[in-house]
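# Secondary and tertiary structure notes
Residue-level listing of the chains:
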Amino acid sequence: MMSPREVVERWVERFNAVDADGLADLYHPDAVNHQVTQDPVEGREAIRAMFSGEFARADMTCIVEAIHEAGDTVALEWRDPLGLRGCGFFTVRDGRIAFQRGYWDKLSFLKMHGLPIE
């Protein structure tokens, strides 16, 4: 079984490969992904759909700045090639993500990608 840090490292690989199915496989069936700029997404299939939709909307890359592991919790500090920065917190249980919370500036993201302001 992968350590929590290894799960998050695999998450980054699959995110950068634009692999929504592979990402979803890293989550528990009843996992929650809460990007604080949006409503929480509950369940593996809903998380898969979220990633598919986001990948269709924008070209995204996660460049790791730091990964910190403490027990079953992993903090990921990241940036992207356009200068956006953020962080994510992952709770990993039994080798799968049970909960994820992400912090980033949605307005900057929308502007950088030429997307409509919501």
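Just so we're clear, the structure is a prediction, and the values are computed from it rather than from any experiment.

### Notes on the overall build of the protein
Helix and strand content of the protein: four helices and six strands. Helices (α) and strands (β) of the protein occur, in sequence order from the N terminus, as α-α-β-β-α-β-β-β-β-α. Taken over the C-alpha trace, the protein has a radius of gyration of 13 Å; the compact-globule value for 118 residues is 13 Å, and the two agree within 12%. Projecting the C-alpha coordinates of the protein onto the three principal axes gives extents of approximately 40 × 30 × 25 Å. Out of the 118 residues in the protein, the part that is buried amounts to 46%. Total accessible area on the protein is roughly 6200 Å²; 50% of this is exposed by carbon and sulfur atoms.

### Description of the packing of aromatic side chains
Enumeration over the complete set of coordinates arrives at nine aromatic pairs. For the pair Phe 15 and Phe 55, a centre-to-centre distance of 5.4 Å together with 65° between the ring planes defines the contact as edge-to-face. Taken as a pair, Phe 15 in helix α1 (residues 4–16) and Phe 55 in helix α3 (residues 44–57) lie far apart in primary sequence, 40 residues in all. We classify Phe 55 as buried; its relative accessible area is 13%. Centre to centre, the rings of Phe 51 and Phe 55 are 6.0 Å apart; their planes meet at 25°, and the pair counts as stacked.

### Overview of the side chain of His 28
Structurally, His 28 is set in strand β1 (residues 27–35). On the accessibility criterion, His 28 (17% relative accessible area) is buried. One polar contact links the side chain of His 28 to the main-chain carbonyl oxygen of Arg 93, over a distance of 2.6 Å. In contact with His 28, not counting residues within four places along its chain, are Arg 44, Arg 93, Asp 94, Arg 96, Ile 97 and Ala 98.

### With respect to the pairing of strand β3 (residues 63–70)
Summarising the sheet, β3 and strand β4 (residues 73–79) pair through seven bridges and their orientation is antiparallel. Bridging across to β4, Ala 70 finds its partner in Thr 73. Counted between consecutive antiparallel strands, the loop separating β3 from β4 contains two residues, among which Gly 71 sits at a positive phi close to 65°.

### Let's talk about the pattern of salt bridges
Inspection of every chain in the model, using the stated rule, returns seven salt bridges. Between Glu 45 and Arg 48 there is a salt bridge, with the nearest N and O atoms lying 3.0 Å from each other. Here Glu 45 and its partner Arg 48 are both found in helix α3, three residues apart, which amounts to about one turn of the helix. For Glu 45, a relative accessible area of 52% corresponds to the exposed category. On the basis of relative accessible area, Arg 48 is assigned to the buried category, the value being 18%.

Definitions and cut-offs
Residues numbered from 1 in each chain as written. Predicted model: local features only at pLDDT ≥ 70, side-chain atom pairs only at ≥ 80, totals over all residues. Heavy atoms only, no water. Helix = DSSP H or I, 4+ residues; strand = E, 2+ residues; numbered from the N terminus. Rg over C-alpha atoms; globule rule 2.2 N^0.38 Å. Buried < 20%, exposed > 50% of the residue type's maximum accessible area, 1.4 Å probe, protein only. Areas by Shrake-Rupley, 256 points an atom, 1.4 Å probe, with all protein chains shown as cover. Phe/Tyr/Trp six-rings, centres within 6.5 Å; stacked < 30°, edge-to-face > 60°. Polar contact = N/O pair within 3.5 Å; in protein donor to acceptor, adjacent residues only side chain to side chain. Contact = heavy atoms within 4.5 Å. Pairing = 2+ DSSP bridges. Salt bridge = Lys/Arg side-chain N within 4 Å of Asp/Glu carboxyl O.

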